[in-house]
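Per-entry structural report
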Amino acid sequence: MDLHEYQAKELMKKFDVPIQDGITCSTVAEAEEAYRFINSQYGSKFAVVKAQIHAGGRGKGLIRGTQQHGVAVGKSADEVKKIAQAILGGTLVTKQTGEHGKVVSKVLVAQDVYYDGPEPVKEFYLSALVDRSNGKNVIMYSTEGGMNIEDVAKDTPEKIFKEWVYPGGNLEPFQARKIAFNMGLKGNAFKNCVKFVSNLYRAFVSLDCSMLEINPMFKTSDDKIIAVDCKMKIDDNALLRHPEIAAMRDLTEQDPTEVEAGRYNLNFVKLDGNVGCMVNGAGLAMATMDMIKLSGGQPANFLDVGGTANAETVEAGFRIILKDPKVKAILINIFGGIVRCDRVAQGVIDAYQSIGNIEIPIIVRLQGTNAEVAKDLIDKSGLKVESAILLSEAAELVNKAVA
């Protein structure tokens, strides 16, 4: 589950991670008022207006039809007003959103951190991730912050550092000091970085994050270390432990079909292909998608109905798949272990009757518990549904459907 920048920062504050303060605004009037408050609170004439969407590259992205970037500096209340007017309600297009972009419903008006002081400012990169290949958590960091870390990793990999931590263990003090040392920090900045990193890792573990990225991690001119930007991803499987975080989910940032699938406890991911697939079990779903590719088609989705599929969930899956205009055929591949094949077959029949005439071919392969009963139900239903026993048969039917 992704969080907005302002949500992630509020959570980090609970773990004493210093952040760039700001006020979330939904209207232009709120943005103006936020600027005035920040101006009086921090004595700065500058404020940063940031579009709040679940995507990176906001500073380089543009609001569609304008030259307005998703992150901009306002030097007066009037400038902040104009920036907010351009961003709010607009569609921000970045490298991560693709051409369709994302509509901006909130902006974060944040304090200026580039104030004058005795020391030079500096931007760093810092993230905590789950490294599945090593079975450990990893802190990845670089002296080259405030830019695309992918480009840094590609062009200058020697500037990327990693520090691994065993799951269940703590980030040791010597590791935090090592990170601050590799950042090239000294004096108060060094001490503040050690504390920042330690608290950030504590937040990463306590909140069950799968990713927590700070870019940039910023050293101010008076040697404070703060999080200027933040991306946070929470492990969906851990949300049961964090109902207050689950309540932060922004459904407007998710694909509507994925939201609908969630209501029926269906594991659904939309893809760009032409063959809709409905399968029980993630492993079988992956194999089915491979089979669709080999047969000449392209998977239009990943849809796992799970081990408790029934007529209702099958019908819901049908409706979700049929919302994709690119789908030319639907393949249902069910292995009946816990789930009974005849129940799935009845779901197919009920869905067909409930939805009405379905123009595209439907191929059903049912194996396992009550598979023969299921095939008999489908064959006698009079519906335009083709049944298969072998995976190779299903592949041939898919190839015929999309040819």
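Residues numbered from 1 in each chain as written. Predicted model: local features only at pLDDT ≥ 70, side-chain atom pairs only at ≥ 80, totals over all residues. Heavy atoms only, no water.

1. Description of the overall build of the protein chain
Scanning the protein chain from N- to C-terminus turns up 13 helices and 20 strands. Seen along its three principal axes, the alpha-carbon backbone of the protein chain occupies a region of about 85 × 50 × 40 Å. The 403 residues of the protein chain split such that 49% are buried. Taking the contacts inside the protein chain whose residues are at least 6 apart along the sequence as the reference set, 68% of them involve residues at least 24 apart. Summing over all exposed atoms, the protein chain offers an accessible surface of approximately 19500 Å²; the carbon and sulfur share of this is 52%. Where the 47 positive side-chain charges of the protein chain centre and where its 51 negative ones centre are 3 Å apart. (Helix = DSSP H or I, 4+ residues; strand = E, 2+ residues; numbered from the N terminus. Buried < 20%, exposed > 50% of the residue type's maximum accessible area, 1.4 Å probe, protein only. Contact = heavy atoms within 4.5 Å. Areas by Shrake-Rupley, 256 points an atom, 1.4 Å probe, with all protein chains shown as cover. Lys, Arg positive; Asp, Glu negative; His and termini not counted. Charge placed at Lys NZ, Arg CZ, Asp CG, Glu CD.)

2. What to know about the sheet that holds strand 2 (residues 22-25)
With respect to topology, four strands assemble into an open sheet ordered 2-8-3-5, the strand pairing being antiparallel. Both edges of this open sheet fall to strand 2 and strand 5 (71-74), since each of them pairs with a single strand only. Within the sheet, the average angular offset between the axes of one strand and its neighbour, ignoring direction, is 25 degrees. With four bridges connecting them, strand 3 (residues 47-51) and strand 5 associate as antiparallel partners. Looking across to strand 5, one finds that K50 is bridged to V71. Contacting strand 3, strand 5 and strand 8 (107-111), helix 3 (residues 77-87) runs over the sheet at an angle of about 160 degrees to strand 5. (Pairing = 2+ DSSP bridges. Axes fitted to C-alpha atoms, helices over the stretch in contact; angles between N-to-C directions.)

3. So, the environment of N280
Along the chain, N280 turns up in the loop between strand 16 (275-279) and helix 9 (282-294). C-alpha separation for the pair N280 and G306, spaced 26 residues apart in sequence, amounts to 4.8 Å. The residues touching N280, leaving out its near neighbours within four places in the chain, are D304, V305, G306, N333, I334, F335 and V339. Engagement of the side chain of N280 in a polar contact is seen with the backbone oxygen of F335, the distance being 2.8 Å. (Polar contact = N/O pair within 3.5 Å; in protein donor to acceptor, adjacent residues only side chain to side chain.)

4. Structural notes on unusual backbone geometry
Geometrically, the link from N215 to P216 is a cis peptide bond, its omega value of 10 degrees lying close to zero. If you check the backbone angles, D208 has positive phi at about 60 degrees while not being a glycine. Summarising the element assignment, D208 is placed in the loop between helix 6 (187-206) and strand 12 (209-219). By relative accessible area, which is 17% here, D208 ends up buried. Phi at N265 takes a positive value of approximately 60 degrees, unusual for a residue other than glycine. Mapping N265 onto the fold places it in the loop between helix 8 (256-263) and strand 15 (267-270). N265 sits in the exposed class, given a relative accessible area of 66%.

5. Re helix 13 (residues 391-402)
End to end, helix 13 covers 17 Å across twelve residues, agreeing with the expected 16 Å (1.5 Å per residue, within 8%). Where helix 13 is buried, its residues touch strand 16, helix 9, strand 18 (329-336), strand 19 (362-368) and strand 20 (385-388). (Expected span 1.5 Å × (residues − 1).)

6. Details of the nonpolar core
Counting residues in hydrophobic clusters, the biggest one holds 41 residues, and the most contacted among them are M12, L207, I214, M217 and M232. When contributions to this core are tallied by element, the ones reaching two or more residues are helix 1 (5-13), strand 9 (122-131), strand 10 (136-142), helix 5 (173-182), helix 6, strand 12, strand 13 (225-227) and strand 14 (231-234). Among the elements that take part in this core, helix 6 stands out by supplying nine residues, more than any other. Formed by 32 residues, the second largest nonpolar core is a distinct cluster that contains V314, V327, A351 and I362. (Core = buried A, V, L, I, M, F, W, Y, C linked by side-chain atoms within 4.5 Å.)

7. Quick look at the sheet that holds strand 6 (residues 91-93)
Taking strand neighbours across the sheet as the criterion, the three strands line up as 4-6-7 in an open arrangement whose pairing is antiparallel. Looking at which strands have only one partner, the edges of the open sheet turn out to be strand 4 (62-63) and strand 7 (102-103). Direction of pairing for strand 4 relative to strand 6: antiparallel, over a ladder of two bridges. Each bridged residue has a counterpart across the sheet, and for L62 the counterpart in strand 6 is V93.

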